[in-house]
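Breakdown of the fold
As a plain string of letters, each chain reads:
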Amino acid sequence: MVGDVPVGAHAPISVQSMTVTRTADVDGTLQQVYELAMAGADIVRCTCNEVEAAEGLARIVPRSPVPIVADIHHQYRMALAALEAGVHCLRLNPGNIRKPEHIRAVASEARDRSVPIRIGVNGGSLHPDLYRKHGDRVTPEAMVESALTEIGYFAEVGFDLIKISVKASSVPLMIDAYRQLAEATDHPLHLGVTEAGPPPAGLIKSTAGIATLLAEGIGDTIRYSLTADPVAEARAGRQLLESMGLRERRNVDLIACPSCGRAEIDVVAVAEEAMAAFADREIPLQVAVMGCVVNGPGEARDADLGIAAGRGRGHLFVRGRNAAVVAEDEMVDALVEWAELIHTDGPEAALSRVDTEKAEREANRDRERLLTDQGDDVNDTSIRIESIRRRTS
Ligand code: SF4
């Protein structure tokens, strides 16, 4: 348990993020903790790098909506101070706190207080002895050895409330290290690609590493380490777990067609507008934005709710059934209104209030007109295929 969040075994995978405020700034840090929790973080880490930070943690922990992990850098006394402050978990980097007596002192205190510790091995700050031993390189074996050595120190004082991470900025390296670690121990693992950088590259790297391991059944908590507002980290972590079916959907899952020659609207702009409109609403529905009424409702028939453009109008549909027609510039407003209605009352109740047959007639009319105007091969596919055949015959 990290506070009231279960970690490991069959517990849901949890999302972590980290504040970027000075921990001594209690109000600023708490505000960020709340923002992270709202965005999907189950656990939040704060740095504890000075006495003022530890004192700040004593004020932050009782008021935090989620468990707090104290990040300890080089001073083991800061770990003892953070425990005194009442934190729910510590993170120790074996590359930074190296003296066995210091490690044992922290583990003893954590044992007496039943506070877990994450052993946070980091490829960039590996213990110099291990670095040399493994050929002056950061290898998966060296990272795993670092974690197992730390577990050994903990075992000497009878402490085993352990979570482990072996992060690296190289995706293949971290994947290898975690695979080896999962073979070597049953302790819960915290996944991440460290220093992944700014989005979108940072998002892609993190997802590549974390999702690969999660798909193999490895990992119990995750963090996106982005060079960005930490709210983006928390949101990305949550979205990854929801998209992999590892956590229940909490926010809108917005899908949109890629657009093509048939599109009646700027699909990218409308999808982005919809993303922004749904950003802070906790509505666990799949919502579709489709560029045309010719194919959109059919392609997105499994969505809970969707809208497709046609001749200056938006055709709103609920689980494939036409529900309403709205002006093109009201498409996003209509999606939000209907999403809230469905979320509150359910799709059948929402549909019972409207004339679905009329909505279907209107959609069919726009579909027929578009087909008449554009034909059924708006992307000139048959002409291209004919041309290919001519050139290759
Ligand atoms: S056919 Fe319509 S729904 Fe499909 S990609 Fe093109 S615009 Fe979007």
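Residues numbered from 1 in each chain as written. Predicted model: local features only at pLDDT ≥ 70, side-chain atom pairs only at ≥ 80, totals over all residues. Heavy atoms only, no water.

Judged by side-chain charge, Glu273, Glu328, Asp329, Glu330, Asp333 and Glu337 come together as a negatively charged surface patch. Inspection of the secondary structure puts Glu273 in helix α10 (residues 267–278). (Patch = residues over 30% accessible without salt bridge, like charges linked within 9 Å, V, L, I, M, F, W, Y side chains within 5 Å. Areas by Shrake-Rupley, 256 points an atom, 1.4 Å probe, with all protein chains shown as cover. Salt bridge = Lys/Arg side-chain N within 4 Å of Asp/Glu carboxyl O. Lys, Arg positive; Asp, Glu negative; His and termini not counted. Charge placed at Lys NZ, Arg CZ, Asp CG, Glu CD. Helix = DSSP H or I, 4+ residues; strand = E, 2+ residues; numbered from the N terminus.)

It is worth spelling out the packing of helix α8 (residues 201–215) against helix α9 (residues 230–243) at this point. Axis separation between α8 and α9 bottoms out at 11 Å; the angle between their running directions is 40°. By the angle between their axes, α8 is oblique relative to α9. With respect to the hand of their crossing, α8 and α9 are arranged in right-handed fashion. Here Leu203, Thr207, Ile210, Ala211 and Leu214 of α8 come into contact with α9, specifically with Ala236, Leu240 and Leu241. (Axes fitted to C-alpha atoms, helices over the stretch in contact; angles between N-to-C directions. Parallel < 35°, antiparallel > 145°, perpendicular 65-115°, else oblique. Left-handed = near helix turned anticlockwise from the far one by under 90°. Contact = heavy atoms within 4.5 Å.)

Each aromatic ring pair is summarised here by two numbers: the centre-to-centre distance and the angle between the ring planes. Under the definition given, this model contains 1 aromatic pair. Here the aromatic rings of Phe154 and Phe159 are separated by 5.4 Å at their centres, their planes lie at 80°, and the arrangement is edge-to-face. (Phe/Tyr/Trp six-rings, centres within 6.5 Å; stacked < 30°, edge-to-face > 60°.)

Here we take up unusual backbone geometry. Trans is the common state for peptide bonds, and a negative phi is the common state for residues other than glycine. With an omega of 5°, the peptide bond between Pro199 and Pro200 qualifies as cis. With respect to the element layout, Pro200 can be found in the loop between β7 (190–191) and α8. Phi angles above zero are rare outside glycine, and Ala9 is one such case at about 50°. Positionally, Ala9 belongs in the segment before β1 (14–18). Ala9 sits in the exposed class, given a relative accessible area of 77%. Residues other than glycine seldom take positive phi values, yet Asp136 does so here, at roughly 55°. If you trace the backbone, Asp136 turns up in the loop between α5 (128–133) and α6 (140–156). (Buried < 20%, exposed > 50% of the residue type's maximum accessible area, 1.4 Å probe, protein only.)

Our focus in this paragraph is the side chain of Gln16. Within the fold, Gln16 resides in strand β1. Those residues in contact with Gln16 that lie beyond four places of it in its chain are Ile43, Lys163, His190, Thr221, Ile222 and Arg223.

Surrounding the ligand, one finds Cys257, Ser259, Cys260, Ala263, Gly291, Cys292, Asn295, Gly296 and Glu299. Classifying every residue of the shell around the ligand gives 4 nonpolar, 4 polar and 1 charged. (Near = heavy atom within 4 Å. Nonpolar A, V, L, I, M, F, W, Y, C, P; charged D, E, K, R; others polar.)

Over its 12 residues, helix α15 (residues 381–392) extends 16 Å from the first C-alpha to the last, a length consistent with the 16 Å expected when each residue adds 1.5 Å. Of all 12 residues that make up α15, 0 are buried, and the element is exposed over most of its length. (Expected span 1.5 Å × (residues − 1).)

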